[in-house]
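# Architecture at a glance
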Amino acid sequence: MNYSGPVRTGRVGVGELTALLTIYTATDVFLSYPSRVAKESAESGWMIPLVSGVIVLAVFLIINACMKRFPDENILDVARQELTVFVSVPLGIIFMLLFFSQTALVMREFTETVITTVLPRTPSTVVALLFMAVVYYFAYKGIEGLSRLAMLLSAILGIGLLSLLIMPLTWFDVHLLQPFWGRGMLTTIFYGGTNTSMFLNVLLLSLLYPTVRNQRQFVRVGVISIGLTAVLMSLVLIVFIGVFPAAPTGQVPFPMYQLARLIYIGRFVQRLESVFVFLWTAAAVLKMGLGLWMTAYLYASTFKMPLYRPLLPAIALALYVVSFLPPDFPSVQLISANIFEPYGWTVSIALPVVIAVVLYLRSGRAQGNHSKRRIARAARAN
Amino acid sequence: MRRSRLFGYAIAVALLQVLITGCFDRSELEEQAFLVTLGIDQLDKSHVAVIGRVAVPSKLSGTAGGSGGSAGGSDFLSGAPVVSASGRSLHEALNMMNTGIERTINLSHLSAVMFSDRAAKAGLLPYLHTLVRYREFRRTLYVFVTKGSMSDVFLKDQPVLETSATRVIEDLHETSQRTGYATSVEMHQLLNGLEVPGGDPVVPILSYNKQVGRESKKSSGSVNHLDPHEISYVPGQVNRAGGNPVECIGTALFKSDHMVGVLSGEQTRYLQLLNGMIGRIVINMKSPVGNPNYVSVGVKYAEPIRVSVRLSKNPQIRVNQSFEAELLGDQTNATFASDKNRQILERALASEIKRNEVGLIQTVFKKYDAEPFHFFEYARNQFHTYNQMEKFNWRKQLANAQVQVTTSVSLRRLGMQLNPPVAE
Amino acid sequence: MDEQFMLTPEESHESSSDDKHSSTIRRSFGPKRLTLKRMRVYYGIRTTGDAKDDASGNTSVVLGSKEVKPISMAELHEREKNSGANGELAWNRRLPTAVQHDLAANRAIIDRIFYLPTNADIVKRDFEIGGEQTVHGMIVFVDGIADKTIINTAILEPLMLLSNLDRNQLQSELLTRVKNALLPGNQVMEFKTWKEATENILAGSTVLFLEGVNSILSVETKGWEHRTVSATQTESVVRGPHDGFTESFRANTGLVRSKLRSSELITEITQVGKLASTDVAIMYIKGVVNPKLVREVKKRLKALVVDYLPDSGLAEQFLEDDPIGVIPKFLSTERPDRVAYGLTEGQVAIFIGHSPFVLLAPVMFWSLLHTSEDAYLRWPYGTFIRAIRMLSLVIALLLPALYIAVTNYHPEMIPTDLMLAVAATRERVPFPVVTEVLVMEFSIELIREAGIRIPSVIGPTIGIVGALILGQAAVAAGIISPLLIIVVAVTALGSFTMPNYNLSFSVRLLRFGFIIAAATFGFYGIILGLMLLLMHMVTVKSFGVPMMAPIAPHRNSSPDVIRRGQVFQMETRPNAYFPLDKRRQKDFTRTWSPVVKDYKKDRKSLFKE
C-alpha cells in the first residue's frame, strides 16, 4: 500500500474546534487589526468584519458543498488523489508558507506589544524566547490539546473580552460612529473584501476536516466560528471607534490595550490593563500554537510523513529567526497592512475555493471512479 | 533516554540563563518615588518647568506614628513634599527632578496633571504629545489649569480632611460633579476635545484664594473675613474663609489647544448642562411669587437634551431641553402647592435657564470663537462619509450660528413640606 | 522423577494442566469408580506442575512402556540424591504445586514453605479426628492474624470431640463429610494447590489437612487487631456520614457494600506481590461501568508485578497514565459514601490491601475539588461552597505570585493608597519581595510538615510557635512586612481548603513555580506558566478519560461540575466515563409537584400538534 495515511492528529469535538477557530481568528483584535480597519474605513469600520464574515461564510458554504463528496479527507489529500502530487505539493507548500509567515508576523507583533506595554526593559529576545517555549509545547500537544484549551479558555476569554468592552463604555459616544458610511459604502465593501485575509477559518476548516469527530456538524463549526468571529470583531470596533475619536486616523497602535487603560470606574476599579494582559497573552499563545502546529502538520501532510512532531524544533527555530527579520515595529505593521491584508485572501479564501470547485467538477465527471475509490478506502479501513 | 536527558539539561541551562539575566523590569516598591500630581509650567519658549508632589509612603498611610488629628497643612506638605525642575523637554525636566530624589521617579500613580495658565495659553499640544506616548501617563489622569502661580497651588494646598494627595484629586472630581462649579475633565476628554472635528476642550481651573490664604491659623474660618456684599464665581476670588486655600471653580476655555478664556463657576454649570457633563444643577433665583426673596431649585434633565443642527452658511442650532425640578429651599412666603404658583415658578425657571444658556453660547461663540458644547456631534449623521465631514468647516460658521434654546421645566417635588410654616 | 500409574478414587479434573500430564483410564470395580492415572510421582506425590523443563515430548509416550511400581521414601531419597541435581531433594528444588495425599509430605512441605521451625509465627497443630478409628489431621495458621477462639471452638472442638468418622471412607467423601458436617466455620473452602493454601494461611485463615486427602479445607478465621471503623482523618464533613475506611481489607469492601446494596455490585479480588501478596479488589457495578474500563484496570493490575505492594499510594503511582506532571490521576478517598457514589457514576474502585485509602478511577479534575458534602447540601449551599473552593484554588495557586507581580512589576494596578500602604510596610524590610515571600512560604511549609510529624502530645504548641514566629516576631523584627503575613496566611488557608490531599500537594508545588515565574517576568511570566499548566491539564488523562472533561473536551453532563445543580436535574451519569447505562433517574422525579404536572401537560399537548 503506497498511501501512508494521514498524519496522526487525534480527533476534536465540535465545540472545541469552534472555540479554537474563533479564538484563532479573533485574536487579531488584540493586535493592530482594529486600528488598521478603523483607519481604512473610519466610522463604518465596524461593518468591515461583518462584510468579510458574510463573504467568508459564502465561500465556506461553497467549499463545504464541494468537499462533501470526500468525507474523511482534507483538501490536500483529495488534491493529491485527484490532481496528482504536482498540484498537491505546491498547494501544501503555499498553505504552509501562509501559516508560517502569519505566525512569525504575529509573534513579532505580539512580542513588541508585550515589550511596549508591560515589560519595557526586557530584551525582546527573552520575551520571544519564553513565548516560543510555550508555543512549542502547545504545538507539541497538537490540535487535541489546543482545541480543548480553547474550549476551556473560551468562557474566560469571552467574559474578559466582554468586560473589556463594557468597562470603557463610560467614555462611549454614539456620535463618533457617525457618519454612518465612514469613508463611503464602496470603500467599506472593498476593505471588507480584502480583510477576508484575516479569516483563516475557511482554510483551516478545509484542512482540518478529517479531525472533526462528528462530521455532520461540520457546517455548524464553520458557520458559528465565522459568525462569532465577525460579531466579536465588529463589537470591538464599535467600542473602539465610539471611544477614540482618533481611531479613524490610525494613531492608536494597540487599541485593546488603550481601551483597557481607559477603564476608570471609581477609585478602585482603574488601571487594570495589566490584568487584561492575560487575555491577549492567552489568546496569542493559542493562536501561535495552532499556527506552528498547522505549519508542521501541513509540511508532514504534504510530504506524506506519518508524524509532525519531529518537525517542530526546526520550524520553531525558523519561526523565531524569521520573526526578528523586520527591523522595527512599524515595519511589522506595514507588512501586515501592505502585504497580508491586500493579498492574503488569495491564499486564504480564493485558492481553497478554486481547488474545491475544480475537485468537485472533476469528481463529478468521474463519478464511477470516485465510488471505486470509496470502496477502496472502505477496504483499507477494514 | 540519553537524548532526552541532554535535552533536559539544555532546557535547564537556558532557563537558568533567563532566570539569572531575568528580572529586567523588576523594581521594588521601596525603590521608587511615586509622583501623585504633576504640574507643567512654561518658563520661556524653550524651557519647561515641572513641579511634582511625591507621595512618601511611611508618612502618608499613617502607619508609622500616626499621632492622629494633628491639625493642618504642614503635615500634608511633609507627607507629600513638592519638588520641581526645569528642562528643555518634559522628560529632561523629570530626569533633572530625579537628581534630587533618591528613588526612581514613577509616574504610574499620577492622579492629575496641571498646566499653568501660561503654558495653556501657549498651547498644550507639545506636552500632550509627550504624555500620550509615554506609557506611565494614562488617559484617565485628571487635568487642571492653574490660575496664577502654580507653586501656590502646590505649596499652599491644605486639604481639610484628606491626608492622601491622590484622594484630594478624586474628591475634587466628585464635588465638582455635584456642584457643577467646575468641570471634571480627564486626559481622555481633553484629547477627545482636541481630536473631535468641530469641538474644543475645556479644563477646570485650580486657583489660590488669597482671601483664605491671608487668614491666620487662629482665626481661620471666621465669618469676619468674608466680604459682606460679594458673591463671586470667579476662580481665586470666591468669598469664603477657612478651608483649603486652593479652590476648584471655573473653567478654562480652549480653542484648539490654546486657552482663550476663563468661564466663571456659574457659567461652568450652564456649559456642563449644555454639553452633557452633568445632569443636575442647583439654581438660585428671585422668586416670581410671594415675598421678593430667593428660591433654590434642584434642576435635572427629565429627558436627554435634543439638539438639531441645520448646516448652512448660517447654521441653525436648536437646543431643546426639558427639566424636572425639585424645590430645595425657599425664603419667600409663597405656597407652591397651588398649580398657578407652580406654573409661574416653572416658567421663570425655564426663562432663567434659557437666558443664561443663550448668553453663554453667544459669549463663547462670538467672543472666544470656541466650541466647547460639541454641537457638531449632532450634525455628524447628516454626512454620508468621513471625508465630507472633514471638509466641512464648522468653526468658520460659528460666529454666524443662530442658536435657539427651548427649555421647559416641570416642578415635580416640593421637598418635605408643602407650604411654608406659618409664623403667627 | 518417575512416571507411574496409580489407582485413585475418581475425582473431577477440571484443570487443564491435569489433563495434560495424566491420561485417565476408567474402570468400574466395586461400588466406587476408581481411576487409573498415569502421573509423575515421587513417593506418591503427584505433580501437576506446569514446569516447562520436563514438559517435553517424552512424557506423552510413556504410557504402558514402563513398569509402574510404587517406591519407598528411602529409595526415592536415594534416587534423588543420585540424580545429579547437586544432591538436592526434589522438593527442595521445586515444590509441588498440588497438595499431597500424604499428611507427612504435606507437613514437610509446610515446613519448607514457611521455614519452620525457624519461623515462629506459623502454628502447626496435629490432631486426630475423633471416633474409634481416628483420622490424622493437621491445622496450620499464623499466630496473631487468626482468631484463636474460632479455631478452638469451631475447628478443633467439633473435630476432636464431637465427631465420629468412618476411616474406610474414601478420601473425597471424607473431606466432604468434614466440610459439610463437622466444621462449623462460616466460610469453608476446598483448595488443591499449595499456592492457595499458602495464601489462605497468610491471609489469616486456618487450613486443615487430612491424611490421605489431597485437598485442603480453608476455614475463615481472620481475626487480627486493627483500628475499628472511625471518623475520617482527612475528609471530614459536617453533613453526611462520618465513617471512613480503616486498615482492614474486608472491612473496607464491606463498608462500601453496606452502603450500596446491589447484586450488580461486583468485587473481584486478586493478589499482587511476588514476595508477599497483597489483596487487591476492584469493585464496579455491572451494567453501569464500561467493560473496557474494567478490562483496562485489570490489565494494568496484571502488569503490576512487584514483590510487595504496601499501600494504595504506591499502586496509584504504578497505575497512573502519565507519570510526569503534578495532577493526581486517581481520587484517593477515605470515605465509603464517596466510593459508593463514584461506583454508581461508572467509576471503578480499587482497594489495595489494608490501605485505608481507596482509589477511584477514572477521575475528572473537577471531582478532586468536590466533596461528598456538596451533594448532601441543598443546591444553593453546595454551589456556594464549591465557588468558595474554586476561589481558594486560585488563591492558593496564585496569590503570592500575584502579590510579587503587582508589587514588583505592576504597582499601578492597585489603588494608590493601598500601594502606599504596602510600600510603607516595606520601608524597613531588608529583602526583596520574592525573598520575603519565599521565606514566609517556606516557614508555612515547615509548620505544616512539623504539624504532621510532631508527637500529638506536644501538638498544640506548634500553633503557638507558628503564630508567634510568623505573626508577631517576624513583623516586629522588621524582616517581614505585615501585609505579606496576610497574603501568606490567606494562601495557606486557601490550600487547606483543598478537599483532596494529593491536589493540595500539587497546588503547593505549583505555587512555588508561579512565584518564580512572577518574580522573573511579572504577569507575563504568570500567564505563560498558567497556559503551560492548563495545556498540561487538558491533555492529561486518567484511565483514558481526559481529566478536564466534561468542560474540555466538552461532554454532556449533569450540572455537577463547577456549580452544584438541582439534584432532580441530574438525570444522567457523567458521560466522560462512558457508562453503559447513561441515565440514573427518571426525567420527572417530582411528579407530584404542580409545576411539573403543568409542564408535563403542556409538553403533551405540544407534541400532539
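Cut-off values and rules
- Residues numbered from 1 in each chain as written.
- Chains lettered and ligands numbered in written order.
- Predicted model: local features only at pLDDT ≥ 70, side-chain atom pairs only at ≥ 80, totals over all residues.
- Heavy atoms only, no water.
- Core = buried A, V, L, I, M, F, W, Y, C linked by side-chain atoms within 4.5 Å.
- Buried < 20%, exposed > 50% of the residue type's maximum accessible area, 1.4 Å probe, protein only.
- Helix = DSSP H or I, 4+ residues; strand = E, 2+ residues; numbered from the N terminus.
- Contact = heavy atoms within 4.5 Å.
- Buried area = accessible area lost by both parts, 1.4 Å probe.
- Salt bridge = Lys/Arg side-chain N within 4 Å of Asp/Glu carboxyl O.
- Polar contact = N/O pair within 3.5 Å; in protein donor to acceptor, adjacent residues only side chain to side chain.
- Nonpolar A, V, L, I, M, F, W, Y, C, P; charged D, E, K, R; others polar.

## What about the nonpolar core?
The biggest cluster of nonpolar side chains holds 229 residues, and the ones touching the most others in it are A:Trp280 and C:Phe365. A total of 21 residues in this core trace back to one element, the largest contributor, which is helix H6 (residues 124–166) of chain A. For A:Trp280, the contacting residues outside a window of four places in its chain are A:Phe30, A:Phe110, A:Leu164, A:Met256, A:Tyr257, A:Ala260 and A:Glu273. Core analysis: the second largest hydrophobic core is formed by 91 residues, A:Ala42, B:Val185, B:Val289 and B:Phe375 among them.

## Describing the interface of chain C and chain B
At the junction of the two partners, chain C supplies 26 residues and chain B supplies 26 residues. For the pair chain C and chain B, the two sides together bury roughly 2100 Å², of which 62% comes from carbon and sulfur. The interface formed by chain C and chain B holds 4 salt bridges in total. Here C:Arg426 makes a salt bridge to B:Glu28, at a shortest N to O gap of 3.5 Å. Summed over the shared surface of chain C and chain B, the number is 8 residue pairs in polar contact (both at pLDDT 80 or more). Put simply, the parts of the chain that give the side of chain C that touches chain B at least two residues each are helix H14 (379–408), helix H15 (416–426), helix H16 (433–453) and helix H19 (501–539) of chain C. No other element matches the 9 residues that H15(C) contributes to the side of chain C that touches chain B. Of the residues contributing to the side of chain C that touches chain B, the split by class is 18 nonpolar, 4 polar and 4 charged.

## Thoughts on the interface of chain B and chain A
At the interface, 34 residues of chain B touch 38 residues of chain A. Between chain B and chain A the total buried area reaches about 3200 Å² when both faces are included, carbon and sulfur atoms providing 53% of it. The largest per-residue losses of area from chain B upon contact with chain A belong to B:Asp25, B:Arg135 and B:Tyr386, which jointly make up 21% of the total buried on that side. Summed over the shared surface of chain B and chain A, the result is 3 salt bridges. One salt bridge in this structure joins B:Asp25 and A:Arg121, with 3.6 Å as the shortest N-O distance. Taken together, the links from chain B to chain A amount to 17 residue pairs in polar contact (both at pLDDT 80 or more). Mapped onto the side of chain B that touches chain A, the elements with two or more residues apiece are helix H8 (165–179), helix H9 (187–195) and helix H13 (386–391) of chain B.

Function-wise, these values are silent; they only describe arrangement.
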